[in-house]
Amino acid sequence: MNVSSQSERTAIFRKAIANFIKERRETKKVAEGDPRYEYQTWVEKAAEDAQAIQFATHVARITHSSSQCDSFYAPPDTLPHCDVVARNAMGSSFHEDASAQNAAALYVIAFLNLRVDGQRLLDYVLSNDPSLRDALAPSSAKGDEMMVKFASVVSPSKAPRVDALMKQVFWLNGDDPVEDKDFIQLAPLACSSLMHELYMSVQSANFSEESKEARKARREGKPSEHPCISYRDVVEWHVGGANPQNVSPLNSSRRGVSYLLSTLPPKWVGRSVPDLRGRDSAIPTFIRSRRAYHIIKELAGFLKTNPPPTIETRKQRRVFEDDLCQVLAEFTESVRSYEKSGWTLTSDCRLPLAEKAWLDPGAFDDSSGTAPPDRWEDDVSTRIANALNAALAKYGVIGLGDTEFVHWCRILLQESSWQTSSLAQGGVA
C-alpha cells in the first residue's frame, strides 16, 4: 500500500468515526462544541472504556445478573466439531454479545461494530490496520496503545474469575470418587449467542410474514412456498428483570426474553406388535390379545347355554369362527409385516419350527435353502385348539370334541392365511 492510498483510507476512517461521534452527540442532545465530544478526547475516552467491555459468546450475567464472573468469547469456528446441535453449528454468522463492568461503557460495542467498507472497526483493530491506527491518534505510539486497548475486548482473562453467584458443579476428573483431589469444579456459562439464534428462529416461526402465509395456506389446504414451522412446549425465560441491559446488549435487544426448548423425557410408544423372541410359543400371546379374549369370552357364554344343534346355532358359531379368523389374520399379518423376513432364524427365537413357518414364511423361501416342516398347519391348528380349549375351560366350558375342534382350528388357520394374503394385497378380509 502506498502512502497516498493509506492516507486516503485514514481519511475514510476519520470521517466515519467523526460521523459516529456527531450522531451520538445529537442522540444525547448535547450542544455542539461540548469538549467531551471533541474527536480526540472522545476516541481516547472510548479506548479507556473499552477495557471495561468484554465481547462474549458466553455471558456470566445470564446465570445471575449480579455475578462478577468473567464471560468468555469463543467463536464457533474455533470449537471442535460435534454431531449435535450446539454453538459450533452457528458457523461464522453468529451473534456476538458482550458483558460490561459498567453499563455506561456499552456504547463502545456500537462503536467497534461501526462498519467501514463492509468490515467492523473491531475487525480492523484485530488485523492491526495501520490506516485505522493513524485515524485514532496523531502519533504512531499513541495509536498503537489505543489499538491494544480496543483489542482487549476479545482478549480472554489470564485468570478467569468465578464467584458464589454462579452455578457450580463438582466433576470427577480422576479415578477415585472418594478423593477430593480427583474432582474439579465447573461453572457452566449460558451461550448467549446460541440463545439469540434460537430466539430469532422462534420469533421468525411465530411472527414473520412468510410463516403467516404458510399457516394461512395450511388452514386453507393450499400449497405454500414457505415451510410451516412451529416450536412446541417452548418456555419464556425472562433475564434481567426490569433492567435487561445490565445483563448484555443481546439480552437487552430481546427485552430480556429468551426461549427454552422442552427437555421433558420422550413419551415412549410401545411396540404395536408383541416381541415373540424368547417365547416358547406365540399362540398364548394371540389368545391373550384384547380382541381374541373378548371373542373367546362371548363364545364361552354362548356355549354354556347348551344351544340346540340347529341351523341358527351353526350360524352363530360361524360368526364366532369368522371373528376369530379375522383376529388371527390380523395377528399373523402384524407379525409378518413388523418383523424382518428371517427373524425367526436368530438365536434368541425359541418358537417351534411349525410356528416359525406360520409367522415367518420368508425363513423358508427358495433362497433360504430351508424347507418348512411337513403338515405344519396341522401342528399349529392343534396348538391353537389346545389353547382355545384351555381358555374356554376357564369359563366352565368343557367336553368339546377334540377332533372337531382341531378341524375347526385348521379351517381357522387356513382362512386367516387367505385373509392375510388379501390384506397384504389391499383387499378386504
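Because the structure is a prediction, the values reported are computed rather than measured.

A. Representation of the overall build of the protein. A count of helices and strands for the protein gives 15 helices and ten strands. By the burial criterion, 38% of the 429 residues in the protein qualify as buried. Here the contacts in the protein between residues at least 6 apart in sequence split such that 63% fall between residues at least 24 apart. As displayed, the protein has an accessible area near 25500 Å², and 53% of this comes from carbon and sulfur atoms.

B. Just the nonpolar core, in detail. Core analysis: the largest hydrophobic core is formed by 41 residues, its most contacted members being Ile-17, Trp-42, Ile-53, Leu-132 and Phe-150. Contributions of two or more residues to this core are made by helix H1 (3-27), helix H2 (39-49), strand E1 (53-56), strand E3 (97-100), helix H3 (107-112), helix H4 (121-126), helix H5 (130-136) and helix H6 (140-151). Counting 36 residues, the second largest nonpolar core, distinct from the first, contains Ile-283, Phe-286, Ala-292 and Phe-364.

C. Structural view of a nonpolar patch on the surface. Together, Val-169, Trp-171, Ile-184 and Leu-186 give the surface a local cluster of nonpolar side chains, amounting to about 340 Å² of exposed area. Those elements giving two or more residues to the nonpolar patch turn out to be strand E6 (169-172) and strand E7 (183-186). Along the chain, Ile-184 turns up in strand E7.

D. Highlighting helix H7 (residues 192-207). The first and last C-alpha atoms of H7 sit 22 Å apart over 16 residues, in line with the 22 Å expected at 1.5 Å per residue. Restricting attention to buried positions, one finds in H7 the residues Ser-192, Ser-193, Met-195, His-196, Leu-198, Tyr-199, Val-202, Gln-203 and Ala-205.

E. Unusual backbone geometry, seen in detail. The phi dihedral of Lys-29 falls on the positive side, at around 55°, and the residue is not glycine. Position of Lys-29 among the secondary structure elements: in the loop between H1 and H2. One non-glycine residue, Arg-375, lies in positive phi territory at about 50°. Relative to the assigned elements, Arg-375 resides in the loop between helix H13 (353-359) and helix H14 (376-393). In this structure Arg-375 comes out as exposed when scored by relative accessible area, which is 61%.

Conventions and cut-offs
Residues numbered from 1 in each chain as written. Predicted model: local features only at pLDDT ≥ 70, side-chain atom pairs only at ≥ 80, totals over all residues. Heavy atoms only, no water. Helix = DSSP H or I, 4+ residues; strand = E, 2+ residues; numbered from the N terminus. Buried < 20%, exposed > 50% of the residue type's maximum accessible area, 1.4 Å probe, protein only. Contact = heavy atoms within 4.5 Å. Areas by Shrake-Rupley, 256 points an atom, 1.4 Å probe, with all protein chains shown as cover. Core = buried A, V, L, I, M, F, W, Y, C linked by side-chain atoms within 4.5 Å. Patch = residues over 30% accessible without salt bridge, like charges linked within 9 Å, V, L, I, M, F, W, Y side chains within 5 Å. Salt bridge = Lys/Arg side-chain N within 4 Å of Asp/Glu carboxyl O. Expected span 1.5 Å × (residues − 1).

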